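Each chain is listed here by its residues.
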Amino acid sequence: MKFTILASTLADRDVLRRAERLAERFNLEPMVVTDPEDVPNSPTVALVATGGTEDAIEALLERSPAVLLLHWHSYNSLAAALEVGVSTLHVGRAEEAMRAFKRLVGTRILVVGGKCSWIKGPDPSDLPYLRTVEVDLEDVKSVDPDGSFEENLRAHDIDPSELNRDFLDLAGKLHAVLSRHGADAITGDCFSLYEEFGAVPCLYFSALDVPYCCEGDSAALVTTLLTPARIRPFIGNVIELDRYGTRLAHCACPLELLREFEVVDHMETGAPHAVKGVLPTGKCVLARYPYAVGASIVETRWRDDQCRVQARLLVEEEFEPLGNHHCVALGVSPDLIKEIFEAVHLNPSPSSE
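Residues numbered from 1 in each chain as written. Predicted model: local features only at pLDDT ≥ 70, side-chain atom pairs only at ≥ 80, totals over all residues. Heavy atoms only, no water.

K.L.:
Let's hear about a negative patch on the surface: which residues, and what values?
P.N.:
On the surface, a cluster of negative charge is made up of D126, E134, D136 and D139. Relative to the helices and strands, D139 resides in helix 5 (residues 137-141). (Patch = residues over 30% accessible without salt bridge, like charges linked within 9 Å, V, L, I, M, F, W, Y side chains within 5 Å. Areas by Shrake-Rupley, 256 points an atom, 1.4 Å probe, with all protein chains shown as cover. Salt bridge = Lys/Arg side-chain N within 4 Å of Asp/Glu carboxyl O. Lys, Arg positive; Asp, Glu negative; His and termini not counted. Charge placed at Lys NZ, Arg CZ, Asp CG, Glu CD. Helix = DSSP H or I, 4+ residues; strand = E, 2+ residues; numbered from the N terminus.)

Here you go:
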């Protein structure tokens, strides 16, 4: 990936050498740009190296589909970004953001059947900053199941012999396609999978050790990839709102997040298999790119007319959902996620067509 150095034509060689050393530190290829016509049209990390670069900043954000924009405390760097009115992150705090950005644009994502019909944002395969491999249901049907995924189940004390055969067939086929394409994450049209196989992928997603996203929702997928938590986030439907916070629910949840869980059937279809579980109480982050806020998970009453993992969140400031699916991340600060989200500029947005 390029490390784009936006510099004025007046910048001296010492400034450029310092920026190039920074590129080496981040293991990126330096590219000095002094003419707005020369900005790259691919995802890039960019440093506003000097003042006088306002036109180049605007050109870059218009031409590149994904930019992590940085500044430093020298050469009127921040002043140029502020003149354009864009958010940046200081290079001294960029390590986590760099890893998150590389994960966003570098992860190979398996998209099975596109997105569910009710998801109003773009299909993941239509976003130029995501590395997607799209397969259809016939591709999934045609492969032999890969039973190696059952080791993930056993690692969580789930006995595959006690599970429904339709679910095992679906999960095995998804795992085979995931492996065949060397994918590092998975999403897709979950309900089309149910109609074809008579099972849902919720438990499979929950037991994996790679990122997943329900229903082909690009906004939730981008949020998941940009979130620098060590544990995969829970992706939930917003099912209640009040003055204090919200309740989320879904039938998939990373098993490593749950304090306790059991294997159940899917709420809406009654198909095998989903997860019913309890998230740990305490501090968390509620996020949907480009929004993030600190929150706390508290004990909640159970409702059998909602998806099987349910969480009540008290939010630290007024919460106005930007859409349905929101991510709940543990073990990471809201300030860090906010910094990353603000410095990552995506074109087009994952939240709208």
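K.L.:
An account of the nonpolar core is requested, with residue identities and associated values reported.
P.N.:
Judged by nonpolar contacts, the single largest core of 119 residues is most densely connected at F3, L70 and Y204. It is helix 7 (residues 165-180) that provides the largest number of residues to this core, a total of eight residues. (Core = buried A, V, L, I, M, F, W, Y, C linked by side-chain atoms within 4.5 Å. Buried < 20%, exposed > 50% of the residue type's maximum accessible area, 1.4 Å probe, protein only.)

K.L.:
Give a description of the pairing of strand 4 (residues 66-71) that names residues and reports values.
P.N.:
When a strand is regular, its side chains alternate between the sheet's two faces. The element strand 4 is largely enclosed, with a buried count of six among its six residues. By the alternation rule, side chains of strand 4 split into A66, L68 and L70 and V67, L69 and H71, which are all buried. Bridge count between strand 3 (residues 44-48) and strand 4: five bridges; the pairing is parallel. When the sheet's bridge partners are listed, V45 is paired in strand 4 with L68. Direction of pairing for strand 4 relative to strand 18 (residues 344-346): antiparallel, over a ladder of three bridges. Paired with V67 across the strands is H345, a residue of strand 18. Note that strand 4 and strand 5 (residues 89-90) share two bridges and pair parallel. Directly across from H71, in strand 5, lies its bridge partner H90. What joins strand 4 to strand 5 is helix 3 (residues 77-84), and the crossover it makes is right-handed. (Pairing = 2+ DSSP bridges. Right-handed = clockwise from strand over helix to strand, strands pointing away.)

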